[in-house]
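Architecture and fold: a report
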Amino acid sequence: MMPVAVSTQGPPQTPPPQKLGGLSSPINLDPPVETDCLLTQKLTETLKPFGVFEEEEELQRRILILEKLNNLVKEWIREISESKELPQSVIGSVGGKIFTFGSYRLGVHTKGADIDALCVAPRHIDRGDFFTSFYDKLKLHEEVKDLRAVEEAFVPVIKLCFDGIEIDILFARLALQTIPEDLDLRDDSLLKNLDIRCIRSLNGCRVTDEILHLVPNIDNFRLTLRAIKLWAKCHNIYSNILGFLGGVSWAMLVARTCQLYPNAVASTLVRKFFLVFSEWEWPNPVLLKEPEERNLNLPVWDPRVNPSDRYHLMPIITPAYPQQNSTYNVSVSTRMVMIEAFKQGLAITHEILLSKAEWSKLFEAPNFFQKYKHYIVLLASAPTEKQHLEWVGLVESKIRILVGSLEKNEFITLAHVNPQSFPAPKDKPSKDEFCTMWVIGLVLKKPENSETLSIDLTYDIQSFTDTIYRQAINSKLFEMDMKIDAVHLRRKELHQLFPNHVLQKKKRLCTESVQLAAVNDSSRDLSVDNGGGLSAPSPSSAVKTSPLTGSSLGRSSPAPILTAAPVASIPVTGTAMPQINSSESSGALLSESILHSATQPAIPSPPRATVARVVSSTCLVNRASRPSGNAATKMPSPIVGV
């Protein structure tokens, strides 16, 4: 059963198969045959052990919770209306409503998943009321726990746990005197005269509702999306923040597949999904409908008008106005990884069609630690759990900047970050410290007419860490003992940081949870002297200096190489100025005089990141410059697409 609450905008009934949509005609209208239906049944049975379906009892519990929350909203709005002395005739019908969006609204949420919700209020209720009186009302409710407000976020939100279910509530005030029960948020006229925060808050619901409206068969869409989301998580390509795709992007890709094969069942749609997007001519955009201009002067994705849009590598455009690219974080490496995964998925589903494999093979998690010969391990640590959560959030949100910098090195073919983070070993077993690791796999390109290649990535990593420290200080997040370390390891050296069950070569089903035990101090010693061409010190014992006082962003003063690896020939090293996205790190290129001006608070210098020099059988050369204009992406008209 689909989660539908009477107090929320439930998903519409499954429309007839003949409903078509999209920019182009369907590729195939054939109805399913008996084999397709049998494969779909087997797919459903395969998905069940992964916990992608919720029990009926749990669904009803969610509905009840949303009803209670919806009643709280209506009661709160009536109270505010009375306090503002509105006429009784208005108070009686003022309304107010909770809408849902995201995976719950799409009907593809998993067991224990949170709920994304939107509180819609009439024009006399403002955002200040939401974060004060409504927050206080929630605080008094006995079933509400872990209540916290994030008012300064890009999309302001109240987070809470309601009777064991985590809920994120956004707020939007519409220019309406009352909020009717049958309000359709897809109506573009509702956006008139709204502030940008309300428009952002409405966007999630509008996009989700539009996707459901544009697919020809919602039941087939849901089952297919469940399978694709599970596959993406198993293959570590489900993360918008790290440059892969997030939930709404996967939903739009599946929706486009459904439009192209409107009568196909889920087993066929999964196979066609891999077929379509393994052959898609990126950066041609994926669009579910013709972009529309509403003359509301809101920024929309259009590479013909916006030069920055021309650099988007894998554009997937939201169907609701104002249209946006949901995949602007995708990099050259993450796109390569995803396309390769699409091709592998196509091969496996072909085997399944021929009865040479079972559906379970599609959800086998490949071992990331056996895939590459070289890895960079990033370690973020903080002295307390609360500081660690904040620090890890900042570091993780910027890792794609490092990936982009690595990609510009002409001898790095691929920089693949694993979206899964891992608990890291402590410097000292008795010391209270919280540490998280991320791993980036590297594919190096061997130079012509040379047997050795030495790559000095010290500068790239130092620029990355300096950016993070600056942002942390400017946002007053930084605390002493917050650190970032980085080391290079060959595949055969990974055991020094990771236990054997993580590094096992055998493929595993992604239902198996990966729990890393804390490694003792002796295993933290990364010094290797086995003729492998690497000497990497323990991050805790390496020389550390402040990135704000001991580094220079000029080419003439590269960051110091903290470790040197023995190689057969003398490596030639150098550095190149990284091209940092100003929108991601506005403080990255500030001069030291600005950082230490009178307005800058006096903060003890944070530790410089420990950087292990990357040396393989592979001399740093200057990074190739980024192409510009049409040469960068050969960006066609945004309307082009299958």
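The shown structure was predicted, so the numbers you read here are calculated from the model rather than taken from an experiment. (Residues numbered from 1 in each chain as written. Predicted model: local features only at pLDDT ≥ 70, side-chain atom pairs only at ≥ 80, totals over all residues. Heavy atoms only, no water.)

It is worth spelling out the overall build of the chain at this point. When its secondary structure is counted, the chain shows 15 helices and 13 strands. Within the structure as shown, the chain displays about 27,800 Å² of accessible surface, and the carbon and sulfur contribution to it stands at 51%. (Helix = DSSP H or I, 4+ residues; strand = E, 2+ residues; numbered from the N terminus. Areas by Shrake-Rupley, 256 points an atom, 1.4 Å probe, with all protein chains shown as cover.)

Across the sheet, five strands lie side by side as β1-β2-β5-β4-β3; this open sheet has mixed pairing. The sheet is open, and its two borders are formed by β1 (97–101) and β3 (144–150), each paired with just one other strand. This sheet shows a mean twist of 25° between the axes of neighbouring strands, independent of strand direction. Bridge count between β1 and strand β2 (residues 115–121): five bridges; the pairing is antiparallel. When the bridges of β2 are listed, Lys-97 appears paired with Val-120. Here helix α2 (residues 56–83) sits on the sheet and contacts β1, β2, β4 (157–162) and β5 (165–173); the angle it forms with β5, its principal contact strand, is near 35°. Across the sheet, helix α6 (residues 196–214) is in contact with β1, β2 and β5; its angle to β5 comes to roughly 120°. (Pairing = 2+ DSSP bridges. Axes fitted to C-alpha atoms, helices over the stretch in contact; angles between N-to-C directions. Contact = heavy atoms within 4.5 Å.)

Glancing now at the environment of Val-443. Tracing the backbone through its elements, the reader meets Val-443 in strand β10 (residues 434–444). The exposure class assigned to Val-443 is partly exposed, which follows from its relative accessible area of 30%. Separated by 28 residues in the primary sequence, Val-443 and Ala-415 place their C-alpha atoms 6.7 Å from one another. Beyond its immediate chain neighbours, meaning those up to four positions away, Val-443 contacts Tyr-372, Phe-411, Ile-412, Thr-413 and Leu-414. (Buried < 20%, exposed > 50% of the residue type's maximum accessible area, 1.4 Å probe, protein only.)

What follows concerns the pattern of salt bridges. If you walk through the whole model with that rule in mind, you get 23 salt bridges. Ionic pairing is found between Glu-292 and Lys-289, a salt bridge with its closest N-O pair at 3.8 Å. Judged by relative accessible area, Glu-292 falls into the partly exposed class, the value being 29%. Among the salt bridges present, the one from Lys-361 reaches Glu-351, with a minimum N-O distance of 2.7 Å. Of this pair, Lys-361 sits in the loop between α10 (332–353) and β6 (364–365) while Glu-351 sits in helix α10, and the two are 10 residues apart along the sequence. Taking relative accessible area as the criterion, Lys-361 reaches 31% and is therefore assigned partly exposed. Given the relative accessible area of 26%, Glu-351 is considered partly exposed. (Salt bridge = Lys/Arg side-chain N within 4 Å of Asp/Glu carboxyl O.)

This next bit is on the confidence of the model for the chain. When pLDDT is averaged along the chain, the result is 78; 74% of the residues meet or exceed 70. Looking at the elements of the chain, mean pLDDT is at its lowest for helix α14 (residues 592–595), recorded as 25, and at its highest for helix α9 (residues 266–278), recorded as 98. The low-confidence segment residues 511–642, where pLDDT is below 50, has 303 contacts with residues more than four positions distant or belonging to other chains. (pLDDT = per-residue confidence, 0-100.)

Here we come to the nonpolar core. For soluble globular proteins, nonpolar side chains are generally found buried alongside one another. Core analysis: the biggest nonpolar cluster contains 115 residues, and Phe-221, Trp-231, Trp-250, Trp-391 and Phe-498 have the highest contact counts within it. Counting residues per element, this core draws most heavily on helix α7 (residues 218–234), which supplies 10 residues. The residues touching Trp-231, leaving out its near neighbours within four places in the chain, are Ile-237, Trp-250, Phe-274, Ala-341, Phe-342, Leu-362 and Phe-363. Core analysis: the next-biggest nonpolar cluster, separate from the first, contains 31 residues, Ile-80, Tyr-104, Cys-119 and Ile-125 among them. (Core = buried A, V, L, I, M, F, W, Y, C linked by side-chain atoms within 4.5 Å.)

Here Ser-83 shows up in helix α2. We classify Ser-83 as exposed; its relative accessible area is 53%. Within polar-contact distance, the side chain of Ser-83 engages the backbone oxygen of Ile-80 at 2.7 Å. (Polar contact = N/O pair within 3.5 Å; in protein donor to acceptor, adjacent residues only side chain to side chain.)

Viewed as axis vectors pointing N to C, α6 and helix α8 (residues 247–260) meet at an angle of 20°, and their least axial separation amounts to 10 Å. Of the possible angle classes, the one that applies to α6 and α8 is roughly parallel. Of the two possible hands of crossing, α6 and α8 adopt the one that is left-handed. Each of Val-207, Ile-211 and Leu-214 in α6 lies in contact with α8, whose residues at this interface are Val-248, Ala-251, Met-252, Ala-255 and Gln-259. (Parallel < 35°, antiparallel > 145°, perpendicular 65-115°, else oblique. Left-handed = near helix turned anticlockwise from the far one by under 90°.)

With 14 residues, helix α5 (residues 127–140) ought to run about 20 Å at 1.5 Å a step, and its terminal C-alpha atoms sit 20 Å apart, in line with that. All of the buried residues along α5 are Arg-127, Asp-129, Phe-130, Phe-131, Phe-134, Tyr-135, Lys-137 and Leu-138. Looking at the buried side of α5, the elements it contacts are α2, β2, β3, β4, β5 and α6. Its side-chain oxygen 3.1 Å from the backbone nitrogen of Gly-128, Asp-126 forms the N-cap of α5. (Expected span 1.5 Å × (residues − 1).)

What follows concerns the packing of aromatic side chains. Inspection of the entire model under this criterion finds 28 aromatic pairs. Ring geometry for Phe-130 and Phe-131: centres 5.0 Å apart, planes at 85°, overall edge-to-face. Here the two residues Phe-130 and Phe-131 agree in accessibility, since each one is buried. Measuring from centroid to centroid gives 6.4 Å for Trp-391 and Phe-478, while their planes differ by 65°, and the two rings are edge-to-face. A residue pair is termed long-range when its members are at least 10 positions apart, and Trp-391 in helix α11 (residues 385–407) and Phe-478 in the loop between α12 (458–474) and β11 (483–490) qualify at 87 residues. The same class applies to Trp-391 as to Phe-478, namely buried. Joined through ring pairs, the aromatic side chains of Trp-231, Trp-250, Phe-273, Phe-274, Phe-277, Trp-280, Trp-282 and Phe-342 make up one cluster. Positioned above the aromatic ring of Phe-154 is the side chain of Arg-200, whose terminal nitrogen or guanidinium carbon lies 3.8 Å from the ring centre. (Phe/Tyr/Trp six-rings, centres within 6.5 Å; stacked < 30°, edge-to-face > 60°. Lys NZ or Arg CZ within 6 Å of the ring centre and 35° of its normal.)

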